Amino acid sequence: MDRRAYPAGLKQWNWRAPDGWLHRRVDWPQPHGVAPRGSLLFAAGRGDFVEKYLEALGDWHARGWSVSSFDWRGQGRSKGSNAAGHFDSFDVLVEDLGHLIDDWTASTPAPHVVVAHSMGGHMLLRLLIARRPQIEAAVLVAPMIVVNSGAFPEWAAAGLAAAATMTGFGRWPIWGVQLSRAPAGSVRQRILTGCADRYEDELYWWDREPDASPAPPSFGWLNAAYHSARAFTAEALAKVDLPVLVLGADQDQLVSPAAIRRVAGLLPNGELAMFDDCAHEILRERDHVRAEALARIDAFLDARVR
């Protein structure tokens, strides 16, 4: 598949949230006359956009799924008035996802599954705790259960984000340097993926679609992330009876691998697969990593979705 071109049959349109915010959504149904395996919705991470995951959408489409995806509020072509991507709370994003899933399940063929990466996995898990959407299974890929604070203890990073927000610096970016143009071979590439070619796909789309380039996260966004993670208690997770496959990377520097393992172990119907030889973007990694991850997802969906 050409990762730098829109595939034939992909339809782009604007989905309107209940408060009027327009989200760019794409739908890629199976060809006319072909019965789909079902419908799969992909929710990407912070700073992502639809084009970045066209290859993954193509993988699932080739396996018979009618595929959909979207740009989160404040990202890609859904930026609207929030081009900086700042949020004081993640609640509105959880609500966006819930309403979008309701509309999507009502208008696409069953069965329905949702695959969510990084921040998308956080929002999907929040939604599964809040209520049971009409889907048959979920896959969380490198989910942002908790932001990886690196050398800082988690409590210290959370305290810094809270203090900055309370003292009026909530909208300030965490770092002042825009990393979106870091070339292949950079630290940014190594944090995201071991595949330089797929990393450069993102740079290509930034040049073609200027709105796709993300802004740095704010202290307020980070504070919202730590606050939102408090929802992932053992008691709350024990009520999520949906089949959930969790994929994680042991060397992930953006999200906490330990938190991923903890959450997967608390889900009553959860399965966990950890990858050692990859970075954060498992679905945009080198071919052998992608193949293994996609095979795990396929096996899970074949076993759990009828």
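The rules we used
Sequence order as written defines the numbering, with residues in each chain counted from 1. Confidence filtering applies because this is a predicted model: local features only for residues at pLDDT of at least 70, side-chain atom pairs given and counted only at 80 or more, and all residues used for totals across whole chains, interfaces and linings. Side-chain numbers here rest on the full set of heavy atoms in the structure, without hydrogens or water. To obtain an axis, a line is fitted to C-alpha atoms, over the contacting stretch when the element is a helix, and the angle between two such axes runs from 0 to 180 degrees between their N-to-C directions. Each helix corresponds to a stretch of at least 4 residues labelled H or I by DSSP, and each strand to a stretch of at least 2 residues labelled E; elements are numbered beginning at the N terminus. We call two directions roughly parallel when the angle between them is under 35 degrees, roughly antiparallel when it is over 145, roughly perpendicular when it lies between 65 and 115, and oblique otherwise. Should the near helix be turned counterclockwise from the far one by less than a right angle, the crossing is left-handed, whereas a clockwise turn marks it as right-handed. Residues are treated as being in contact if the distance between any of their heavy atoms lies within 4.5 Å. Both cavities and pockets are sets of points on a 1 Å grid over the protein atoms alone; in a cavity a 1.4 Å probe fits but cannot get out, in a pocket the set is open with protein on both sides within 12 Å along at least five of seven lines, and lining residues sit with an atom within 4 Å of a point. Grid points are joined across faces, edges and corners, and a volume is the space filled by probe spheres set on the points. Each residue receives one of three labels: charged for Asp, Glu, Lys and Arg, nonpolar for Ala, Val, Leu, Ile, Met, Phe, Trp, Tyr, Cys and Pro, and polar for the others, Gly being one of them. If DSSP finds at least two bridges between two strands, the strands pair. The path from the first strand over the helix to the second decides the hand: if it runs clockwise while the strands point away from the viewer, the crossover is right-handed. A pair is scored as a salt bridge if a Lys or Arg side-chain nitrogen falls within 4 Å of a carboxyl oxygen belonging to Asp or Glu. For every residue, the accessible area (1.4 Å probe, protein chains only) is compared with the maximum for its type, and the residue is labelled buried under 20%, exposed over 50%, or partly exposed between those bounds.

### Examining the packing of helix α1 (residues 54-62) against helix α10 (residues 287-304)
Interhelical geometry of α1 versus α10 gives an angle of 45° and a closest axis separation of 12 Å. In terms of orientation, α1 and α10 fall into the oblique class. As for the relative orientation of α1 and α10, their crossing is right-handed in sense. For the pair formed by α1 and α10, the contact residues are Glu55, Ala56, Asp59 and Trp60 on the first element and Arg290, Leu294 and Ile297 on the second.

### Focus: the layout of surface pockets
Taken as a whole, the largest pocket spans an internal volume of roughly 1100 Å³. Taken together, 37 residues line the largest pocket, and the ones lying closest to its centre are Val147, Trp175, Pro217, Gln253 and Leu254. Among the secondary structure elements, those contributing two or more residues to the lining of the largest pocket are α4 (154-169), α5 (187-192) and α7 (219-228). Tallied by class, the residues present in the lining of the largest pocket amount to 21 nonpolar, ten polar and six charged.

### Structural notes on the pairing of strand β8 (residues 270-275)
Across six bridges, strand β7 (residues 244-249) lies against β8 in parallel orientation. Each bridged residue has a counterpart across the sheet, and for alanine 249 the counterpart in β8 is phenylalanine 275. Taken together, β7, helix α9 (residues 257-266) and β8 constitute a β-α-β crossover, and its handedness is right-handed.

### Structural notes on the pattern of salt bridges
Applying the stated criterion across every chain, the model contains 27 salt bridges. The salt bridge partner of glutamate 51 is arginine 24, with a shortest N-O separation of 2.9 Å. On the criterion of sequence distance, the pair formed by glutamate 51 in the loop between β3 (38-43) and α1 and arginine 24 in strand β2 (residues 22-28) is long-range, its members being 27 residues apart. Arginine 24 shares its class with glutamate 51; the two are buried. Among the salt bridges present, the one from glutamate 55 reaches arginine 290, with a minimum N-O distance of 3.6 Å. Placement of glutamate 55 in helix α1 and of arginine 290 in helix α10 is noted, with a sequence separation of 235 residues between them. Per residue, the accessibility class of glutamate 55 equals that of arginine 290, and both read buried.

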